[in-house]
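Residue-level structure breakdown
One-letter residues, chain by chain:
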Amino acid sequence: CGSRSARGSGGKMAAPMSRGSRGPEPGAAPYGNFPNYSRFHPPEGRVSLLPQGLLRSLFPAVTRPLLGLDVGCNSGELSVALYQHLVGLQESNSSPEPPGAGEELNLLCCDIDPELIRRAQQSSPFPASISFASLDIMDSGAREPFLSSYLERFGRSSFDIGFCMSVTMWIHLNHGDRGLLEFLALLASLCTFLLVEPQPWKCYRAAARRLRRLGRDDFEHFRSLRINGDMAESVTRILTQECAMEFVCSFGSTTWDRSLLLFKSTGA
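Per an unreviewed UniProt entry, the recorded name for the protein is RNA methyltransferase, and the organism is Falcunculus frontatus. The UniProt entry for the protein carries the following text under Subcellular location (unreviewed entry): "Cytoplasm". According to the UniProt record, the Sequence similarities (unreviewed entry) comment for the protein is "Belongs to the methyltransferase superfamily."

Right, dumping it as C-alpha cells:
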C-alpha cells in the first residue's frame, strides 16, 4: 500500500525521510515519497483501465490546449504514462517529443519531495509538455502564487483535468479529517474534471504498521480519524456533497484494489 507523495504535516515540513546516508530505508516515507514507487505499482496498472480517447470524449469541442494537474507525482513515471495515454502516444514514440504535442495537453506535476522531482525532470521524455515542480500542495503561501503563475501563462484560471493518484491517504494521515476535506475542496475548485484513486482503509493500517516497525512515532492523526472505512465511498460523498462535483464514473479497480473515480465540477 505504497503511494505517490504529497504534502503531509501541519506546520513546516521537515526534510523527507525516504533516504538516509546509507541509502533508502524501506517504508520510511511518511508523505508517501517512496523512492522506487513505480516498481511495486506500475503505471500500466492504472493507465490500462482508462479508455482510449478519454480527453476527446470529455472535451469534444475544445480547440485550445488542455491543462492538467497531477498532485503527488513522485518521480514521474505515472505522469508520463498518463500523458502518453491521454494524447494517444505509444511508448516507442516517447523520444524525441513529437511536434505539437503540447498543443493538445500541458501537464503540471508536483510533489513535496525535491529529490523525486529532480529525477522526474531528468528522465522526462516530454519536457515541453510536462512540467515537474517541487511543491507542498497544502502550503497555501507557496501553492497559490505558483499555481496562479502557471495558469496565467495560458490565460487560464483553472485546470481542465486533475489527477490525484494514491495521495488522499497521505494528506489524511498527516493533516487529519479537516486536511482531507480542505484538500478535496482545493482540487474541486481547481479542476473541471478530477480523477481520484483513493487508498482503501487497509492501506492506512499498513502505513501505520510500517512506521511502528521502524520505531517511529505514529501518524499524528491516525487514531482520531472519524472519516474511515470505505474511503472510495467517503471521497465520493465529500466531493459530491461538499465540493460541488458530480460523480461521472468508475473505471474499475487496479489489481491492488484501488478504484479510479472520475468527477466533474457542477459549475463547469
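Let us now look at the environment of Thr 192. Checked against the element boundaries, Thr 192 lands in strand S7 (residues 191–197). In this structure, the C-alpha to C-alpha distance between Thr 192 and Asp 160, residues 32 residues apart in sequence, is 5.0 Å.

The next thing to look at is the packing of aromatic side chains. Overall, the coordinates contain 8 aromatic pairs when judged by the stated rule. Between the aromatic rings of Phe 59 and Phe 193, the centroid separation amounts to 5.3 Å while the plane-to-plane angle is 80°, which identifies the pairing as edge-to-face. One end of the pair, Phe 59, is in the loop between helix H3 (54–58) and strand S3 (66–71); the other, Phe 193, is in strand S7, and 134 residues separate them in sequence. Relative accessible area serves as the criterion here: at 10%, Phe 59 is assigned to the buried category. Accessibility expressed as a relative area gives 6% for Phe 193, which makes it buried. Here the aromatic residues Tyr 150, Phe 154 and Phe 159 are joined through ring pairs into a cluster of three or more.

Cut-offs used in this document
- Residues numbered from 1 in each chain as written.
- Predicted model: local features only at pLDDT ≥ 70, side-chain atom pairs only at ≥ 80, totals over all residues.
- Heavy atoms only, no water.
- UniProt positions renumbered as here; feature names shortened; annotations may be inferred.
- Helix = DSSP H or I, 4+ residues; strand = E, 2+ residues; numbered from the N terminus.
- Phe/Tyr/Trp six-rings, centres within 6.5 Å; stacked < 30°, edge-to-face > 60°.
- Buried < 20%, exposed > 50% of the residue type's maximum accessible area, 1.4 Å probe, protein only.

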